[in-house]
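Descriptive analysis of the structure
Read off the chains here:
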Amino acid sequence: MAAADVDLEQVRKAVIALNEFVKKGKKDTKLFLNEDETIMLNVTVWKIPKREQILKITLPHEIRVETKEVCLFTKDEPNMNTDQTQKYYKNLLNKHGVKNITQIIPYKALKTEYKPFEAKRRLLSRFDLFLADDRIRRLLPSHLGKHFYKAKKAPLSVKLSSKNLAKELNKLIQGTILPISNKGSCYASQVAHSGMKLEEVVENVTAVISTIEVQLPQQWKNVKILHLKTTNSPALPIYTSNMYYLKELQKKDPKKRKQIKKQKKAAKMKNLEAPTDEQSSEVTNVLFETVEKNSQNIKPSIGKKHCAEEIPQLVPIDEQTPAKKAKLQKLQGVAHTTPKPVDENETPVGKKPQQIKHKKNAENA
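First, a word on scope: everything that follows refers to the structure included in this document. (Residues numbered from 1 in each chain as written. Predicted model: local features only at pLDDT ≥ 70, side-chain atom pairs only at ≥ 80, totals over all residues. Heavy atoms only, no water.)

Let's shift gears to the sheet that holds strand β9 (residues 223-229). Here four strands make up an open sheet; going across it, the order is β8-β1-β9-β10 and the pairing antiparallel. Two strands close off the open sheet at either side, each with one partner strand: β8 (186-193) and β10 (236-240). Along the sheet, successive strands turn relative to each other by an average axial angle of 25°, direction set aside. Two elements, strand β1 (residues 38-45) and β9, share six bridges in a ladder whose sense is antiparallel. Across the sheet, residue T44 finds its bridge partner in β9, namely I225. Here helix α9 (residues 198-215) sits on the sheet and contacts β1, β8, β9 and β10; the angle it forms with β8, its principal contact strand, is near 145°. (Pairing = 2+ DSSP bridges. Helix = DSSP H or I, 4+ residues; strand = E, 2+ residues; numbered from the N terminus. Axes fitted to C-alpha atoms, helices over the stretch in contact; angles between N-to-C directions. Contact = heavy atoms within 4.5 Å.)

Pairing is parallel in the open sheet, where four strands are placed in the order β4-β3-β5-β6. Pairing within the sheet leaves two strands with one partner each, and these edge strands are β4 (103-106) and β6 (156-158). Each adjacent strand pair in this sheet contributes to an overall mean axis angle of 30°, direction not counted. Here four bridges tie strand β3 (residues 70-74) to strand β5 (residues 129-133), and the two strands are oriented parallel to one another. Bridging from a neighbouring strand, F73 pairs with A132 of β5. Contacts between helix α3 (residues 82-95) and the sheet are confined to β3, β4 and β5, with β4 contributing the most and set at about 135° to the helix.

So, about α3. Spanning 14 residues, α3 covers 20 Å between terminal C-alpha atoms, matching the ideal 20 Å at 1.5 Å per step. Among the residues of α3, those classed as buried are T85, Y89, L92 and L93. Down the axis of α3, the sector holding all buried residues measures 95°, keeping them to one side. Exposed side chains of α3 directed beyond 90 degrees from the buried face belong to D83, K87, N91, N94 and K95. Where α3 is buried, its residues meet β3, β4, β5 and α8 (165-174). The N-capping residue of α3, defined by a side-chain oxygen 3.4 Å from the backbone nitrogen of D83, is N81. Downstream of α3 by a residue or two, G97 has a phi angle that is positive, lying close to 75°. (Expected span 1.5 Å × (residues − 1). Buried < 20%, exposed > 50% of the residue type's maximum accessible area, 1.4 Å probe, protein only. Arc of directions from axis to C-beta. Polar contact = N/O pair within 3.5 Å; in protein donor to acceptor, adjacent residues only side chain to side chain.)

Here it is as structure tokens:
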């Protein structure tokens, strides 16, 4: 049980400390002495939820003072103007005995009168709580703007056609909400104010915790830490979860389960593949023995012997053939001329013609 896990004595100590802090602040400022500060319950979770939602919580003691103002957005009734629609819903609320609604704004008036940005800002700062007819709830975000949702004043839907309208409205007005976001792990809910009695605050805190235990995504196991604080005070812890709940959440998470299975499988494969020390030593001994035997049995090849014994000799240039010699001379840039056969009738170059004639006459004689 969640309420059993939370120490109520710790809650009482936290509430007393917060009241002392508020009183000290009032003495220092000496302003707004009759104004009470709200007490918030901060909920920190282990796992961020996948979708946004708002938990509506019923409280045993009312947390809104009579000075707090509530605004109701209603649907436009057919064949009625804005004033007639307002009168219609005022009569409906009086009929059910509801007197907590400060102002009624029909949907048509919201679109026309509160279209400017400054008008929306004034509307936001004027009221503490906004309610909306469930038939027009989905149409409001585009007309209200993001500032309503940033200030955690998004309208709460109410079924105005309900037979127990008073009970449903009082549940929202006297109760509280816990907005759950999918963008963070910390959420805040108003549970009391500094003008309430100690036991009333404790009972309200217990009621909120009981609702969180059932309606929170992944329920009580997902709660990590609970704090109590006012607007300007430090957060005082009243509950800290055990790591056991985080392990339980990880087991339920399918992605985490797959990762754990993969890690176990990889560890098994490593154990099977990795040999023990004895096996590795035996394997190394066998390898050394086989290498030694192979080195003894290996004989040098004939090619290697021939290469080792023979020494290459250079061929002298004089012993080369004429064709090879011509090629070498061409490579070295020397022109090669082969000797021509001597023709007796041809006059040799450089001799005088008279000497040639004498030679011929001598031969004829």
